[in-house]
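This is what each chain is made of:
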Amino acid sequence: MATAKIHVKKDDMVKIIAGKEKGKTGKVLRVFPAKGRVVVENLNVIKRHTRPSQLNPEGGIVEKEAALSISNVMLVCSSCNEAARTGIRKLDDGSKARYCKKCNASVDK
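Figured I'd write up the structure that's included with this text. (Residues numbered from 1 in each chain as written. Predicted model: local features only at pLDDT ≥ 70, side-chain atom pairs only at ≥ 80, totals over all residues. Heavy atoms only, no water.)

## Things to note about the packing of aromatic side chains
Summed over the entire model, instances satisfying the criterion amount to zero aromatic pairs. Lying over the aromatic face of Phe32, Lys35 brings its terminal NZ or CZ to 6.0 Å of the ring centre. Sitting above the plane of the Tyr99 ring, Arg89 keeps its charged end 3.9 Å from the centroid. (Phe/Tyr/Trp six-rings, centres within 6.5 Å; stacked < 30°, edge-to-face > 60°. Lys NZ or Arg CZ within 6 Å of the ring centre and 35° of its normal.)

Laid out in structure tokens, this is it:
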């Protein structure tokens, strides 16, 4: 499987643009580049039936976030506060930085 273009990183604010959570925003907790998926805080919550273990002695039904496809999330620009497409710019020192294509501001701190 080919890896998807990774346009979001951990701790980015993203907006869900497709699926049952469409329109909601949240913080990225984990990114799986090989699978092309992301886990967003308090979104796409599933119920998982777990057996008793040392970590969870009583077992039972645990709610946790499931991974979303990376194509269904869009980065929220901190300066214009909107979901926007991003581009990559090479800086003078040779490093790369993401920028918002709506307001042309840098997304990376």
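Now that the structure is up, let's keep going.
## Concerning the state of the cysteines
This structure, assessed with the given rule, holds zero disulfides. The thiol sulfur of Cys77 is not disulfide-bonded, and the nearest other cysteine sulfur, from Cys80, lies at 3.6 Å. The thiol sulfur of Cys103 is not disulfide-bonded, and the nearest other cysteine sulfur, from Cys77, lies at 3.6 Å. (Disulfide = S-S within 2.5 Å.)

## Considerations on the environment of Asn56
By the secondary structure assignment, Asn56 is in the loop between strand 4 (45-50) and strand 5 (60-65). Taking relative accessible area as the criterion, Asn56 reaches 18% and is therefore assigned buried. (Helix = DSSP H or I, 4+ residues; strand = E, 2+ residues; numbered from the N terminus. Buried < 20%, exposed > 50% of the residue type's maximum accessible area, 1.4 Å probe, protein only.)

## A word on the pattern of salt bridges
One pass over the structure, following the stated rule, counts six salt bridges. A salt bridge links Asp11 to Lys27; its shortest N-O distance comes to 3.9 Å. One end of the pair, Asp11, is in the segment before strand 1 (13-16); the other, Lys27, is in strand 2 (residues 25-32), with 16 residues separating them in the sequence. In this structure, Arg98 and Asp108 form a salt bridge, with 2.8 Å as the shortest nitrogen-oxygen distance. In this pair, Arg98 is assigned in strand 9 (residues 96-100) and Asp108 in the segment after strand 9, connecting sequence segments 10 residues apart. In this structure, a network of salt bridges that share partners links the residues Asp12, Arg98 and Asp108. (Salt bridge = Lys/Arg side-chain N within 4 Å of Asp/Glu carboxyl O.)

## A closer look at the sheet that holds strand 3 (residues 37-40)
A sheet is described by the order of its strands in space; here five strands give the open sequence 6-3-2-1-7, paired in antiparallel fashion. Only two strands of the sheet have a single partner each, and these edge strands are strand 6 (67-69) and strand 7 (73-75). The average angle at which neighbouring strand axes cross in this sheet is 55°, direction not considered. As paired elements, strand 3 and strand 6 share three bridges and run antiparallel to each other. Among the inter-strand pairings, Val39 is bridged to a residue of strand 6, identified as Ala67. (Pairing = 2+ DSSP bridges. Axes fitted to C-alpha atoms, helices over the stretch in contact; angles between N-to-C directions.)

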